[in-house]
Amino acid sequence: MGRSPEVFVRPVTMTEGQRLQRIGRTAQDPVKLRRAIVVLMSAQGQAVPDIAHLLDCSQEYVRGVIHAFNDIGFAALDPKWSGGRPRTISERTRRQICLIARCRPRDLGLAFSAWSLTKLAEYLVTAGVVASISRESIRQILRAAGISWQATKTWKASTDPDFIAKMHRVLDLYDHPPADGRVICLDEFGPLNLQPRPGRGWQPAGHPARLRATYRRTSGVRHMIAALDLATGQITYRIRARKRWRELLSFLKLLRQRWPGGRLYLIADNFSPHKHPEVTSWAAAHDVELVFLPTYSSWLNWIEPEFAALRYFALNGTDHRTHAEQGDAIARYLRWRNARAQPKRNFAPGSVIRTWTSYQNKVA
């Protein structure tokens, strides 16, 4: 019986050869990589048995790849994944599972207020939603629907009847700083107590950095009063033992001395010392306008993200034993930050808050 004719790939151009070599170097999919090697070896004159022996596969597989490449070109290298086993849980049942998972168990007459995958699986079977289901199946169904396990967040809605007007006043100062003065964001940060503060850092796997535990803190607290200058992006601050109107007024006098000319527009929240008669009367007499945020809307104060960065980079992962030591750490960070500060522009330019004509009591 005569020998069957050899099978070789069609003539490959130089461009196609370079593409095959590039796929052989960079392909992440093992199926595509193997098929590219088959085609490349055949183009170099290797016989089917030699290719099959080298790749430890059948000769039928090699011939199939070569024939497919000759017919449809590079599309033959891409794996054709099948859909797998048909779904045993209908789309309607999947929607019902997602709906139940988003309900509170106590509202369904159960004795607990939060689901676990095991409890959810038991309830689905007991309620007759499914005959049986595994925890992994539930996890995949929820993930495919975009439902994830998340921490509960709080949102305090503003009760200010003039919310929109006050918000637009603040946004207008951010967007168009007055030519006759300077816009300053004012707020307090603290309390600064002496405690080990958990943080994150690069450590060998399984060997996290350790902090001591404290149960008695007898050194009291400190408070930081800070002001963010939008024109330069720099922060001015003072750390004090208390945060009464007296400390605030002293800080405002410091700001007035630092910028003696022009009007100061101070954006602040509704903390009672900010509205103390001594503070407001002094501000009116010294060309300082206090621009108050709507109630429960500190997120509109541009200094708030600066406090988040201060907490993350200067305090997290530390264990200061004295207020002087802690104050020095804050001072070093703020000196570093102010040396790299840039003017603050474009506050939330694409945010939905800029389209509001009435207050939305649920922003998150």
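Everything quoted here is computed from the prediction, not taken from an experiment. (Residues numbered from 1 in each chain as written. Predicted model: local features only at pLDDT ≥ 70, side-chain atom pairs only at ≥ 80, totals over all residues. Heavy atoms only, no water.)

### Quick notes on the overall build of the chain
Which entries qualify depends on this criterion: Strands here mean DSSP runs of E at least two residues long; helices mean DSSP runs of H or I at least four residues long; both are numbered from the N terminus. A radius of gyration in this sense is built from C-alpha atoms; the matching globule rule multiplies 2.2 Å by the number of residues raised to 0.38. Type-normalised accessible area, obtained with a 1.4 Å probe on protein chains alone, sets the label of each residue: buried when under 20%, exposed when over 50%, and partly exposed for intermediate values. Working rule for contacts: check all heavy atoms of both residues, and any pair within 4.5 Å makes them a contact. All accessible areas in this document rest on Shrake-Rupley with a 1.4 Å probe, and a residue is counted as covered only by the protein chains that are shown. Only four residue types enter the tally: Lys and Arg on the positive side, Asp and Glu on the negative side, with His and both chain ends excluded. Charged groups are reduced to one reference atom each: NZ for lysine, CZ for arginine, CG for aspartic acid, CD for glutamic acid.
A count of helices and strands for the chain gives 12 helices and five strands. For 364 residues, the compact-globule formula gives about 21 Å, and the C-alpha radius of gyration of the chain, at 33 Å, lies well above that figure. Judged by the C-alpha coordinates and their principal axes, the chain covers about 110 × 60 × 50 Å. Buried positions account for 37% of the 364 residues belonging to the chain. For the chain, the proportion of contacts with a sequence separation of at least 24, taken over those separated by at least 6, is 68%. As presented, the chain carries roughly 22800 Å² of accessible surface, and 51% of it is formed by carbon and sulfur atoms. Measuring between centres, the 55 positive side-chain charges of the chain sit 5 Å from its 30 negative side-chain charges.

### Describing helix α3 (residues 48-55)
Quick reminder of the rule: Within this analysis, the arc is defined by the directions that extend from the helix axis to the C-beta atoms.
Turning to α3, its buried residues number three or more, namely Val48, Ile51, Ala52 and Leu55. Taken down its axis, α3 places every buried residue within 100° of arc, on the same side. The exposed set on the far side of α3, more than 90 degrees from its buried face, consists of His53 and Leu54. Backbone geometry just downstream of α3 places aspartate 56 in the positive-phi region, at approximately 55°.

### Re the pairing of strand β4 (residues 263-268)
Regular strands show a simple pattern: their side chains alternate between the two faces of the sheet. We count it as follows: Pairing between two strands is assigned when DSSP locates at least 2 bridges connecting them. Handedness of a crossover is defined as follows: orient the strands so they point away from the viewer, and if the path from the first strand over the helix to the second runs clockwise, the crossover is right-handed.
Most of β4 sits out of view: five of its six residues are buried. Alignment of β4 against strand β5 (residues 288-292), held across five bridges, turns out to be parallel. In the strand pairing of β5, leucine 266 is matched with leucine 290. Chirality of the crossover, the property in question, places the unit of β4, helix α10 (residues 277-285) and β5 among those that are right-handed.

### Details of the pairing of strand β3 (residues 235-240)
Pairing analysis gives six bridges linking strand β2 (residues 221-229) to β3, with the strands arranged antiparallel. Within β3, the residue paired with isoleucine 225 across the bridge is arginine 238. Hairpin geometry of β2 and β3 is characterised by an intervening segment of five residues between the two adjacent antiparallel strands and by a positive phi of about 80° at glycine 233.

### Notes on the pattern of salt bridges
Any two side chains of opposite charge can pair if their charged atoms end up close together. Applicable threshold: Salt bridges are defined by distance alone: a side-chain nitrogen of Lys or Arg within 4 Å of a carboxyl oxygen of Asp or Glu.
With the rule as written, the count across this model stands at 16 salt bridges. As a salt-bridge pair, arginine 337 and glutamate 306 come within 2.8 Å of each other at their nearest N and O atoms. With arginine 337 in helix α12 (residues 323-339) and glutamate 306 in helix α11 (residues 304-315), this residue pair connects regions lying 31 residues apart in the sequence. Glutamate 306 shares its class with arginine 337; the two are buried.

### Brief notes about the environment of proline 204
As for its placement among the helices and strands, proline 204 is situated in the loop between β1 (181-193) and β2. For the pair proline 204 and arginine 238, spaced 34 residues apart in the sequence, the C-alpha separation amounts to 38 Å.

### Concerning unusual backbone geometry
Proline 191 follows glycine 190 through a cis peptide bond whose omega is 0°. Take proline 191: it is sitting in strand β1. Within the chain, asparagine 346 stands out as a residue other than glycine whose phi angle is a positive 60°. Note that asparagine 346 resides in the segment after α12. Assessed through its relative accessible area of 60%, asparagine 346 is described here as exposed.

### Looking at the side chain of histidine 320
Within the fold, histidine 320 resides in the loop between α11 and α12. Leaving out residues up to four positions away in the same chain, histidine 320 has contacts with Leu194, Arg212, Ala314, Leu315, Glu325, Gln326 and Ala329.

### What to know about the nonpolar core
Using the following cut-off: Side-chain atoms within 4.5 Å are what join buried Ala, Val, Leu, Ile, Met, Phe, Trp, Tyr and Cys residues into a set we call a nonpolar core.
Counting 36 residues, the largest nonpolar core has Met167, Tyr174, Cys185, Met224, Ile267 and Ile330 as the members making the most contacts within it. Among the secondary structure elements, those contributing two or more residues to this core are α8 (163-175), β1, β2, β3, β4, α11 and α12. Top element by residues in this core is α8. It accounts for seven residues. When neighbours within four sequence positions are excluded, methionine 224 is seen to be in contact with Asp187, Glu188, Phe189, Leu192, Tyr237, Arg238, Ile239, Phe307, Leu310, Ile330 and Leu334. Counting residues in each nonpolar core, the second largest holds 20 residues, with Ala227, Trp259, Leu266 and Ala268 among its members.

### A few points about the packing of helix α2 (residues 30-43) against helix α4 (residues 59-72)
Filter applied, for reference: In this analysis, axes come from line fits to C-alpha atoms, helices being fitted only over the stretch in contact, and the angle between any two N-to-C directions falls in the range 0 to 180 degrees. Each angle is binned into one of four classes, with values under 35 degrees roughly parallel, values over 145 roughly antiparallel, values of 65 to 115 roughly perpendicular, and all other values oblique. By the convention adopted, Pro, Cys, Tyr, Trp, Phe, Met, Ile, Leu, Val and Ala count as nonpolar, Lys, Arg, Asp and Glu as charged, and the other residues, Gly among them, as polar.
It is the contact of α2 with α4, at a shortest axis distance of 10 Å, that shows an interaxial angle of 80°. The angle between α2 and α4 places the two elements in the roughly perpendicular class. Counting all contacts with α2, which are made through Arg34, Arg35, Val38, Val39 and Ser42, the residues of α4 involved are Tyr61, Val62, Val65, Ile66 and Phe69. Residue classes in the contact of α2 with α4 are distributed as seven nonpolar, one polar and two charged.

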